[in-house]
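For reference, the chains in residue letters:
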Amino acid sequence: MTVQLRGHHLLCLLTFVGEGYTPTFTRNYVRIAERLSSGESVTVVDGPDDICVPMLCDAGAHCREDSIARRDSLALAAIANILDRSVADGKAAAVCVECEWAGLCSRVADSGFRDVLVRAGTDPCSLREEV
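Calculation notes
Residues numbered from 1 in each chain as written. Predicted model: local features only at pLDDT ≥ 70, side-chain atom pairs only at ≥ 80, totals over all residues. Heavy atoms only, no water. Helix = DSSP H or I, 4+ residues; strand = E, 2+ residues; numbered from the N terminus. Buried < 20%, exposed > 50% of the residue type's maximum accessible area, 1.4 Å probe, protein only. Contact = heavy atoms within 4.5 Å. Areas by Shrake-Rupley, 256 points an atom, 1.4 Å probe, with all protein chains shown as cover. Salt bridge = Lys/Arg side-chain N within 4 Å of Asp/Glu carboxyl O. Phe/Tyr/Trp six-rings, centres within 6.5 Å; stacked < 30°, edge-to-face > 60°. Core = buried A, V, L, I, M, F, W, Y, C linked by side-chain atoms within 4.5 Å.

Scanning the protein chain from terminus to terminus reveals five helices and two strands. Counting helices and strands in the order they occur from the N terminus, the protein chain gives β-α-α-β-α-α-α. Buried residues in the protein chain amount to 38% of all 131 residues. Within the protein chain, contacts between residues separated by at least 24 positions form 75% of all contacts whose residues are at least 6 apart in sequence. For the protein chain, the computed accessible surface area is about 7500 Å², with 53% contributed by carbon and sulfur atoms.

Here you go:
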């Protein structure tokens, strides 16, 4: 299988530590982190992706807003420019300036990405959320 991700979620995954909008959203995000940590591939998509799924039932979900589409475009441009650099050096920060999670991501980067859930070679069973 392949995980479908929109542009800005490629950046978000680098600092995902298990926090999210709702418990359902967060459980879904943890499952995606498990899939990616086990080596599943990614397909970049326009618009809502696998991370957005729990939010799509809400008619007012921000997943479909133009501002989020702009964030995706900026993220993809930033990723293209920083593939050989670390997010920790702040090169992607301009993409995240309007995101409500920017402060959390900065703290995660400042911690050396200690608690992120997507890691190459991680045992996916160790990431499961208890129900």
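From this point, things continue past the structure.
Next up on the list: the pattern of salt bridges. With the rule as written, the count across this model stands at three salt bridges. The residue D72 makes a salt bridge to R6 at a minimum N-O spacing of 2.7 Å. In this pair, D72 is assigned in helix α3 (residues 66–82) and R6 in the loop between β1 (2–5) and α1 (7–12), connecting sequence segments 66 residues apart. By the burial criterion, D72 is buried, and R6 matches it. Residue R114 is joined to D115 by a salt bridge in which the shortest nitrogen-to-oxygen separation is 3.7 Å. Using a relative accessible area of 56% as the deciding quantity, one classes R114 as exposed.

Applying the stated rule across the entire model yields three aromatic pairs. Both rings, one in Y21 and one in F25, keep their centres 5.1 Å apart while their planes meet at 70 degrees; by these two values the pair is edge-to-face. Taken together, a centroid distance of 5.7 Å and an interplanar angle of 80 degrees make the contact between F25 and Y29 edge-to-face. In this pair, F25 and Y29 both sit in helix α2 (residues 23–37), four residues apart, roughly one turn of the helix. The pair formed by F25 and Y29 is uniform in burial state, with each residue classed as buried. An aromatic cluster is defined as three or more aromatic residues linked by ring pairs; in this entry it consists of F16, Y21, F25 and Y29.

Let us look at the side chain of H9. With respect to the helices, strands and loops of the structure, H9 is situated in helix α1. Ignoring sequence-local partners within four residues, the contact set of H9 consists of D49, I51 and C52.

Counting residues in each nonpolar core, the largest one holds 17 residues, and the members touching the most others are L5, L13, F16, Y29, L36 and I51. The set of elements that each furnish at least two residues to this core consists of β1 and α2. With near-sequence residues (within four places) excluded, L13 lies in contact with L5, Y29, L36, I51 and V118. Within the second largest apolar cluster, five residues are counted, among which are L104, V108, A109 and V116.

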